[in-house]
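Chain and residue survey
Residue strings, one per chain:
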Amino acid sequence: MDTELIDRDSSVPRWMQIAAILRQRIAEHGTDLTGLTDQELTREFGVSPLTVRQALQDLVRSGLLTRQRGKGTFVVQKPAQGSVDHFEATLSEWRVQGRDVRISLLERNVTAANMLVAASLNIKPGQPVGYMRRLRHADGHPVSIDYRYIVVEIFERLDDADLVHETVWETIERTLKLPTLLSNTAIRATAASEEEAQLLNIPPNSPVLLRESQLIGADGMPMVAGRSIYHPERFIYATTIRR
């Protein structure tokens, strides 16, 4: 019991005192802070579970903690960050930021291009096209889901091992020696589907960031098209604006 830190005769509610102590611990230890379960805090401070939950909920509202059903209470990490003023290279950028990056290849196959995909890749509807779906993690937490359609001649030359280490354009340039010219990009808000919400560990229909892109090769022809869905609290885009 932390009797030296809790003033039981104070007019300040006990849950507020506990919240203040935890804020200080978060400032000192960041995401390494442990011992945030209701049971541990109840024992440590000698208060009721309701008092602990009030303190934790205050920190959740402040954006310092996140409570995940069935998993526990965690210090919120600073969002992973990407740039909008050059080619997407978020995986290498995250590693430079000191993050532990992991990519899961959820699906990979050849399918028939629908009208939207065909238009994006300048092919005819019904033509075969490579498709893949990936889930990106940073520091053990899901951050984004990638959906990519790739010209089939390029897709068939890519190995699964390449697709779990870097962005598609980096793989194409490094492995296949095919230079890329530019990326047409649009970013907007949308709502997560049930499947996307499950993968990102958020409620269905939660607001998420949608990034649509089309990668153009050096010959001016589209090579890759698709979209990425980003967790609403774990990723931000940033850039520098000059006069």
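Cut-offs used in this document
Residues numbered from 1 in each chain as written. Predicted model: local features only at pLDDT ≥ 70, side-chain atom pairs only at ≥ 80, totals over all residues. Heavy atoms only, no water. Pairing = 2+ DSSP bridges. Helix = DSSP H or I, 4+ residues; strand = E, 2+ residues; numbered from the N terminus. Axes fitted to C-alpha atoms, helices over the stretch in contact; angles between N-to-C directions. Core = buried A, V, L, I, M, F, W, Y, C linked by side-chain atoms within 4.5 Å. Buried < 20%, exposed > 50% of the residue type's maximum accessible area, 1.4 Å probe, protein only. Contact = heavy atoms within 4.5 Å.

This part is about the sheet that holds strand β6 (residues 141-151). In spatial order, the strands read β4-β5-β6-β9-β8-β7; together these six strands make up an open sheet with antiparallel pairing. Across the chains shown, the open sheet's two edge strands, defined by having one partner strand only, are β4 (101-112) and β7 (180-191). Adjacent strand axes in the sheet meet at a mean angle of 15°, parallel and antiparallel pairs treated alike. Pairing between strand β8 (residues 207-217) and strand β9 (residues 222-230): eight bridges, direction antiparallel. What sits directly across from Leu215, in β9, is Val224.

Here we take up the nonpolar core. Membership of the largest hydrophobic core comes to 32 residues, with the highest contact counts inside it found for Leu121, Ile150, Ile154, Ile172, Leu200 and Val224. Of all the secondary structure elements, the ones that give two or more residues to this core are α5 (115-121), β5 (128-138), β6, α6 (152-155), α7 (168-175), α8 (194-200), β8 and β9. With five residues, the top contributor of residues to this core is β6. Not counting residues within four places of it along the chain, the set of residues in contact with Ile150 comprises Leu121, Val129, Gly130, Phe155, Leu158, Val168, Met223 and Val224. Residues Leu41, Val52, Leu65 and Val75 belong to the second largest nonpolar core, which totals 17 residues.

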